[in-house]
Amino acid sequence: MAKSTLSFICQNCGAAYNRWQGKCDSCGEWNTLAEEDTTGSVPVSIRSKRKGRTFALESLSGKTQDAPRLSSGMAELDRVTGGGFVRGSVLLVGGDPGIGKSTLLTQATSMMARAGHRAVYISGEEAVAQVRLRAERLGLADAPVQLASETSVEDIVSTLSEGAVPRLIVIDSIQTMWTDTVESAPGTVTQVRASAQALIRFAKKTGATIILVGHVTKDGQIAGPRVVEHMVDAVLSFEGEGSQQFRILRSAKNRFGATDEIGVFEMTGLGLREVTNPSELFLSERELGSPGTAVFAGIEGTRPVLVELQALVAPTSLGTPRRAVVGWDPSRLSMVLAVLEAHCGVKLSGHDVYLNVAGGLRIQEPAADLAAAAALVSSLVNAPLPTDAVYFGEISLSGAIRPVAQTPARLKEALKLGFGRAILPESARGDGGGDSGLALNTVGNLTTLVAEIAARGTPRGGRAAPRDDQGGSSAADPVEKNATPARFRRETS
Ligand code: TYD
Ligand code: MG
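The notes below deal with the structure included here. As a convention, each chain's residues are numbered from 1 in the sequence order in which they are written. Chain letters and ligand numbers both follow the written order, the letters beginning at A and the numbers at 1. For a predicted model such as this one, the threshold for reporting local features is a pLDDT of at least 70, and the threshold for listing and counting side-chain atom pairs is 80 or more; totals across whole chains, interfaces and linings nevertheless cover every residue. For side-chain calculations, the full set of non-hydrogen atoms in the structure is used, while hydrogens and water are omitted.

What about the overall build of the protein?
Heads up, the condition is: Elements are defined by DSSP. Helices are runs of H or I of four residues or more, strands are runs of E of two residues or more, and each kind is numbered from the N terminus. The buried label goes to any residue with under 20% of its type's maximum accessible area, the exposed label to any with over 50%, and the partly exposed label to all in between, with areas taken from a 1.4 Å probe on protein chains only. By the convention used here, residues are in contact when the closest approach between their heavy atoms is within 4.5 Å. Surface accessibility in these figures is a Shrake-Rupley result with a 1.4 Å probe; residues are shielded only by whichever protein chains are displayed.
The helix and strand tally for the protein stands at 13 helices and 23 strands. Looking at the protein as a whole, 49% of its 493 residues are labelled buried. Long-range contacts, defined as pairs at least 24 residues apart, comprise 66% of the intrachain contacts of the protein with a sequence gap of at least 6. Accessible surface for the protein amounts to roughly 23,200 Å². Of this, 52% is attributable to carbon and sulfur atoms.

Put into structure tokens, the structure is as follows:
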């Protein structure tokens, strides 16, 4: 008889240890180690008697079944999944409570059902009547979706094994599911993992696509074991600011497509509306002509997206000035501030700095550096930037503006939305930007841009007086004269 082996398994990441410890070295979580028997779940008596089964080995070039992908009927959802649902794949959709996960998936199942596919919606959180009520509100009550309010995985699997194989199964949510095979209570790590495993096995066996809804913890992680994220084929997160109507579906992992595509939706009284031109939406509430705003011509996946960056630079009353950023990488902001200080003579150590990406979008591209710097300087010297200009370019630590990819796509989108000029890296003209129809202001160095913006600066009325007045001053310099920031110096002079 095989010796039973006990080890301590982290319930968060699945790392194994041979003694207990308070903190998992692998994922850094506390109190997640639990003792588990890792001998294997199959009884030894069966294992030892079982003969190996032979199976056919296939070639890589063999024919696959038809229609490996099935469109969800929602173009924005298809964009994020990489072109539709893959047969037998399992997706995990996470998001804050109330963000619209159930709404999105009710709409997707209804679309599939209306297209003649068997689509099933299993809710473990809401009663059938509640789901019906939502469907009615969405105007989808007539869609032939198969609906149930169930939480037992075994019951769900045996019910769905009957009849035609469902093309889409939504499980809302994985945290409410439980299986007989493990003892612990629903919602615990072991239950979530075992339930997910059973459902994934069902998907792989039948070819049905399963979407699992996952709750997120306060810091935005999908609750439960990280191993669920490793088990599924795609992890999507549904994000948005509570106060705004925009919702963004983003993929964190996708075995069948790119992970940088986003799907943009708008929450309306009639459910989620797909937004095919996000730039228009993100720029719709723009306040023209106010200092501290710059339009960034970005790329999300394969699609150009124009978005407004808003900065506020104000004298601080704190010993350590505040640096707050929403929608952008805080370390990227620190870097831009450091370059402004070191190479452009912009002293920001006495100022609070706030940076916000309008519309709830989260930018990851370094190409946003230039727009962020422009917005920051514009706020500091109280000089509005030209309203018809877009900005993009990466700032290097030396203050040089570095080229970024996909210049023509960015310029085309800007032209389409009525912009007249672009402030961009020097090499961009050769990158196919030359015949874009926009006026191109190339900048080789951040110092040039800062000087240009500062030259347009006007005094800011209610700004606090400078506390000290060093920093050199030529009376001719409009910025220095009013000296709100006082520590602003034009390197070029
Ligand atoms: P829901 O899909 O239940 O969120 P989740 O499943 O992610 O918890 O969406 C709930 C919110 O969406 C709720 O606050 C109301 C809003 N909503 C609308 O604004 N319009 C609609 O048509 C629907 C169905 C919901
Ligand atoms: Mg829900």
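Re the pairing of strand β6 (residues 90–95)
Here is the rule: Should DSSP find at least two bridges between two strands, the strands are taken to pair.
In terms of burial, β6 is largely enclosed, as six of its six residues are buried. Taking every second residue as pointing to the same face, both faces of β6 are buried, with V90, L92 and G94 on one and L91, V93 and G95 on the other. Note that β6 and strand β10 (residues 209–215) share six bridges and pair parallel. Across the sheet, residue G95 finds its bridge partner in β10, namely H215. In terms of strand pairing, β6 meets strand β11 (residues 234–239) through five bridges, oriented parallel. If you follow V93 over to β11, its bridge partner there is L236.

Details of helix α4 (residues 128–137)
Applied cut-off: This arc corresponds to the set of directions leading from the helix axis out to the C-beta atoms.
Considered for burial, the residues of α4 that qualify are V131, R134 and A135. In an axial view of α4, the angular spread of the buried residues amounts to 100°, which keeps them on one side of the axis. The exposed set on the far side of α4, more than 90 degrees from its buried face, consists of A129, R132, L133, E136 and R137. In this structure, the buried residues of α4 make contact with α3 (101–114), β7 (119–123) and β8 (146–148).

Overview of the pattern of salt bridges
What counts is decided by this rule: Whenever a carboxyl oxygen of Asp or Glu lies within 4 Å of a side-chain nitrogen of Lys or Arg, that contact is scored as a salt bridge.
On inspection of all chains with the given rule, the structure shows 15 salt bridges. D233 is the partner of K204 in a salt bridge, and the nearest nitrogen-oxygen pair spans 2.8 Å. Pair noted here: K204 is in helix α6 (residues 189–206) and D233 is in the loop between α7 (226–231) and β11, with a separation of 29 residues, a long-range link. You can call K204 partly exposed: its relative accessible area is 46%. Of the residues examined, D233 reaches a relative accessible area of 4% and is grouped as buried. The shortest N-O distance in the salt bridge between E394 and R332 comes to 3.8 Å. With E394 in strand β20 (residues 394–395) and R332 in helix α9 (residues 330–344), the pair connects residues that are 62 residues apart, well separated along the chain. Classification of E394 as buried rests on a relative accessible area of 17%. Bridged by salt links that share partners, the residues E76, R79, E261 and R303 form one connected network.

So, the sheet that holds strand β23 (residues 439–443)
Short version of the rule: Throughout, an axis means a line fitted to C-alpha atoms (over the contacting stretch in the case of helices), and angles, computed between N-to-C directions, take values from 0 to 180 degrees.
Pairing is mixed in the open sheet, where seven strands are placed in the order β17-β18-β16-β15-β19-β22-β23. In the strand order of this sheet, the two ends are held by β17 (323–326) and β23, each with one partner. For this sheet, the mean inter-axis angle between neighbouring strands, taken without regard to orientation, is 25°. Sheet topology note: the strand β19 (residues 389–391)/strand β22 (residues 421–425) ladder contains three bridges and is parallel. Note on β22: the bridge partner recorded for A389 is R421.

Re the nonpolar core
Rules: Nonpolar cores were defined as sets of buried Ala, Val, Leu, Ile, Met, Phe, Trp, Tyr and Cys residues, with membership established by side-chain atoms within 4.5 Å. As used throughout, domain bounds are those supplied by an automatic or database domain assignment.
Ranked by internal contacts, the top residues of the largest apolar core, which has 67 residues, are L340, L376 and L446. The dominant element in this core, judged by the number of residues it contributes, is helix α10 (residues 369–380), at nine residues. Inspection of this core shows a minimum of three residues originating in each of domain 2 (69–276) and domain 3 (281–462 + 471–492). Ignoring sequence-local partners within four residues, the contact set of L446 consists of V339, L340, C344, L370, A373, I395, G399 and I401. Of all hydrophobic cores here, the second largest spans 26 residues; its members include L105, A108, M112 and V170.

A few points about the side chain of S89
Where we set the bar: Identification of polar contacts relies on pairs of N or O atoms within 3.5 Å, with a donor-acceptor requirement for protein atoms, meaning one able to donate a hydrogen and the other able to accept it, and with residues adjacent in sequence counted only if both atoms are side-chain atoms.
Position of S89 relative to the elements: it lies in the loop between β5 (85–86) and β6. Residue S89 is classed as buried on the basis of its relative accessible area of 3%. Polar side-chain contacts of S89 include one of 2.7 Å to the backbone oxygen of V86. Excluding residues within four positions of it along the chain, S89 makes contact with A203, K204, A208, T209, I210, D233 and F256.

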